[in-house]
Amino acid sequence: ALFHMFLLISINDGNLNINRSLRIKRIPLKEIKVEWCPPIMAEHLIFGSGDWFGYWGWFTGLSMGRYFAYSVKASDCFLVELENERYLLGCEVAPLWLSALPQD
């Protein structure tokens with residue numbers, strides 16, 4: 001839980017940073033596309049947490065396929081897609097993030 005626990009999202013030096021308690025995941029902005037997502041409550045948890053220290057871990061579902069989630073709650077989420085990876089990110093100000101990130 002401490003390794004994957006989501007703390008905040010930030011942008012600097014051309015990267016989208018997913019700040020976790022022990023490590024920062026950096027994703028280059030030029031490689032991503034984002035879109036608004038429905039709540040993840042109905043998705044299937046493969047590995048991680050479905051509400052303990054937030055929603056984090058590998059999920060799968062009919063609507064979005066397989067993805068890794070970093071979210072405080074199951075709503076207000078957006079999907080960040082790379083060529084071979086998908087991340088579901090959620091925060092209280094998700095609509096503001098959508099306007100700041102490159103969209104397809």
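Just so it is clear, the model here is predicted, and its values are computed rather than measured.

## As for the overall build of the protein
Across its full length, the protein holds one helix and nine strands. Seen in sequence order, the protein has helices and strands lined up from the N terminus as β-β-β-β-β-β-β-β-β-α. By residue count, 43% of the 104 residues in the protein fall in the buried class. Put simply, 37% of the contacts in the protein that link residues at least 6 apart link residues at least 24 apart. Of the roughly 6000 Å² that the protein leaves accessible, carbon and sulfur atoms contribute 55%.

## Let's talk about the environment of F47
Inspection of the secondary structure assignment puts F47 in strand β5 (residues 44–51). When near neighbours in sequence (up to four residues on either side) are disregarded, F47 contacts W56, G57 and W58.

## Quick look at the packing of aromatic side chains
Counting across every chain of the model gives four aromatic pairs. With centroids separated by 5.8 Å and ring planes inclined at 5 degrees, the aromatic side chains of F59 and Y67 adopt a geometry described as stacked. Accessibility assignment for this pair places F59 and Y67 in one class, buried. Judged by centre distance (6.4 Å) and plane angle (20 degrees), the ring pair of Y70 and Y87 falls under stacked. Here Y87 lies in strand β9 (residues 86–90) and Y70 lies in strand β7 (residues 65–71), a separation of 17 residues in the sequence.

## Notes on the pairing of β7
Across the seven residues that make up β7, a large majority, five, are buried. Pairing of strand β6 (residues 54–61) with β7 involves seven bridges; the strand directions are antiparallel. By the bridge assignment, G57 is partnered in β7 with A69. The pairing of β7 with β9 spans four bridges and is parallel. Residue pairing across strands places Y70 opposite L89, the latter belonging to β9.

## Some details on unusual backbone geometry
Residue D13 is not a glycine yet carries a positive backbone phi of 50 degrees. With respect to the helices and strands, the residue D13 is situated in the loop between β1 (6–12) and β2 (15–20). Classification of D13 by relative accessible area gives exposed; the value is 75%.

## Things to note about a nonpolar patch on the surface
Taken together, the side chains of I46, F47 and W58 make up a nonpolar region of the molecular surface, amounting to roughly 300 Å² of accessible area. Turning to its location among the elements, W58 is positioned in strand β6. When its relative accessible area of 32% is taken as the criterion, W58 is described as partly exposed.

Calculation rules
- Numbering of residues begins from 1 in every chain and follows the order in which that chain's sequence is written.
- With the structure being a predicted model, the display of local features is reserved for residues of pLDDT at least 70 and the display and counting of side-chain atom pairs for 80 or more, all residues being used for whole-chain, interface and lining totals.
- The basis for every side-chain value is the complete set of non-hydrogen atoms in the structure, without hydrogens or water.
- By the criteria applied, helices consist of DSSP H or I runs no shorter than four residues and strands consist of E runs no shorter than two, each listed in order from the N terminus.
- Exposure classes here rest on a 1.4 Å probe applied to the protein chains alone. A residue is buried below 20% of its type maximum, exposed above 50%, and partly exposed in between.
- Residue contacts are counted whenever heavy atoms from the two residues lie within 4.5 Å of one another.
- To be clear on the numbers: accessible area is Shrake-Rupley with a 1.4 Å probe, and residue cover counts the displayed protein chains and nothing else.
- Stacked, tilted and edge-to-face are the three classes assigned to paired rings of Phe, Tyr and Trp, where Trp is represented by its six-membered ring and a pair needs centres within 6.5 Å; plane angles under 30 degrees give stacked, over 60 edge-to-face, the rest tilted.
- Note: two strands are recorded as paired if DSSP finds a minimum of 2 bridges between them.
- Like-charged residues are merged into a patch within 9 Å and nonpolar side chains (Val, Leu, Ile, Met, Phe, Trp, Tyr) within 5 Å, provided each residue has over 30% relative accessible area and no salt bridge.
- The term salt bridge refers to a side-chain nitrogen of Lys or Arg lying within 4 Å of a carboxyl oxygen of Asp or Glu.

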